[in-house]
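# Close look at the chain arrangement
Take a look at the letters that make up each chain.
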Amino acid sequence: MSDFITIALAKGRLADETFGLLEALGIDCSEPRNPGRQLVLYDRANSIRFILVKPSDVPTYVDHGVADLGVVGKDTLLEAGRPLYEVLDLGFGRCRLCVAGYPSQTASIRHATFRVATKYPSIARNYWEAQGKPIEIIELHGSVELGPVIGLSDVILDIVESGSTLRANGLVVLEEVCEVSAQLVCNRVSLKTKRERIQWLIDGMERQLAERERRSPQ
Ligand code: PRP
């Protein structure tokens, strides 16, 4: 399998968008598009292997070199903190990583010690440590907006896409931490040992993105 390029992806929108880009390069994504219970899928003619994993595990597979490339949101990448090459911003899966809470919390996050509910404890720690602010982190795995609503935390640090979950719960964005979009990441060794084929994929995907942008500018 060492002559195969292995790509780690999580099922869902990021994977579907990625398959669209790869198909435009002539790669057959019919197996990973319809995986059933299979976790390893192939385009054997082009020596490409796909592995379907959980989003937060994409950086792990790529860092260990069992996947050469991966597609993952910038939020997940920042949280993982692994030394991967971010070789291409794919531009889709766009959202914002924000601090949110009730409007009345605006002053307290500037001055007081506060509790933050989040799926991103590492990002939260780094964000407030850089500002020298003492915080208490409460790690959750979903429905983070419940934190302030039910009194578990003062604020949340979470991704905001349409903003409708915040609105539905009476919360607002208090601070924007960073923008998020899907990133193509590469294992450091693979980029040397399989350079030619990986570079061909990166260049091809970049061309496809530019072509899409030209046809329908955002
Ligand atoms: C994410 C995120 C927010 C919501 C933001 O949750 O954690 O809760 O989407 O999207 P919006 O701004 O369009 O409302 P997800 O749907 O992944 O579910 P989860 O809460 O179970 O993690």
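Rules used in this analysis
Residues numbered from 1 in each chain as written. Predicted model: local features only at pLDDT ≥ 70, side-chain atom pairs only at ≥ 80, totals over all residues. Heavy atoms only, no water. Helix = DSSP H or I, 4+ residues; strand = E, 2+ residues; numbered from the N terminus. Buried < 20%, exposed > 50% of the residue type's maximum accessible area, 1.4 Å probe, protein only. Polar contact = N/O pair within 3.5 Å; in protein donor to acceptor, adjacent residues only side chain to side chain. Contact = heavy atoms within 4.5 Å. Near = heavy atom within 4 Å. Areas by Shrake-Rupley, 256 points an atom, 1.4 Å probe, with all protein chains shown as cover. Expected span 1.5 Å × (residues − 1). Arc of directions from axis to C-beta. Salt bridge = Lys/Arg side-chain N within 4 Å of Asp/Glu carboxyl O. Axes fitted to C-alpha atoms, helices over the stretch in contact; angles between N-to-C directions. Parallel < 35°, antiparallel > 145°, perpendicular 65-115°, else oblique. Nonpolar A, V, L, I, M, F, W, Y, C, P; charged D, E, K, R; others polar.

Within the fold, Asn187 resides in the loop between β11 (182-186) and α9 (190-193). Asn187 gets classed as buried once you look at its relative accessible area, which sits at 8%. Of the polar contacts made by the side chain of Asn187, one reaches the backbone oxygen of Asp63; its length is 3.4 Å. Polar side-chain contacts of Asn187 include one of 2.9 Å to the backbone nitrogen of Val189. Those residues within four positions of Asn187 in sequence are excluded, and the remaining contacts are Val62, Asp63, His64, Gly65, Ala67, Asp68 and Tyr85.

Taken together, Lys119, Gly142, Ser143, Glu145, Asp158, Ile159, Val160, Glu161, Ser162, Gly163, Ser164 and Thr165 are the residues near the ligand. Between an oxygen atom of the ligand and a main-chain N or O atom of Glu161, the distance comes to 2.8 Å. Between Thr165 and the ligand, the recorded distance is 2.4 Å, taken from a side-chain N or O atom to an oxygen atom. For the ligand, the accessible surface in isolation is 500 Å², of which the surrounding protein chains cover 65%. At the level of secondary structure, the elements contributing two or more residues to the shell around the ligand comprise β9 (155-160) and α8 (164-168).

Helix length check: helix α10 (residues 195-215), at 21 residues, gives a terminal C-alpha distance of 30 Å against a target of 30 Å (1.5 Å per residue), a fit within 8%. Looking at α10, one finds that the buried residues are Ile198, Leu201, Ile202, Gly204, Met205, Gln208 and Leu209. For α10, the angular spread of the buried residues around the axis is 165°, confining them to a single face. With respect to the buried face of α10, the exposed residues turned more than 90 degrees away are Glu196, Arg207 and Arg214.

In this section: the pattern of salt bridges. Taken as a whole and assessed by the stated rule, the structure comprises eleven salt bridges. Salt-bridge contacts for Glu176 lead to Arg96; the nearest nitrogen and oxygen are separated by 3.2 Å. Of this pair, Glu176 sits in strand β10 (residues 172-180) while Arg96 sits in strand β6 (residues 95-101), and the two are 80 residues apart along the sequence. A salt bridge links Asp154 to Arg115; the shortest N-O distance between them is 3.6 Å. Residue Asp154 is located in the loop between α7 (146-150) and β9, and its partner Arg115 is located in strand β7 (residues 114-118); the two are separated by 39 residues in the primary sequence. Taking relative accessible area as the criterion, Arg115 reaches 28% and is therefore assigned partly exposed. Connected through shared salt-bridge partners, Arg13, Glu17, Glu161 and Arg212 make up one network.

Before going further, it helps to examine the packing of helix α1 (residues 13-23) against α10. Where α1 meets α10, the axes come as close as 9 Å, and the angle between the chain directions of the two elements is 100°. What the angle tells us is that α1 and α10 run roughly perpendicular. On α10, the residues that touch Glu17, Thr18, Gly20, Leu21 and Leu22 of α1 are Leu201, Met205, Gln208, Leu209 and Arg212. Partitioning the contact of α1 with α10 into residue classes produces five nonpolar, three polar and two charged.

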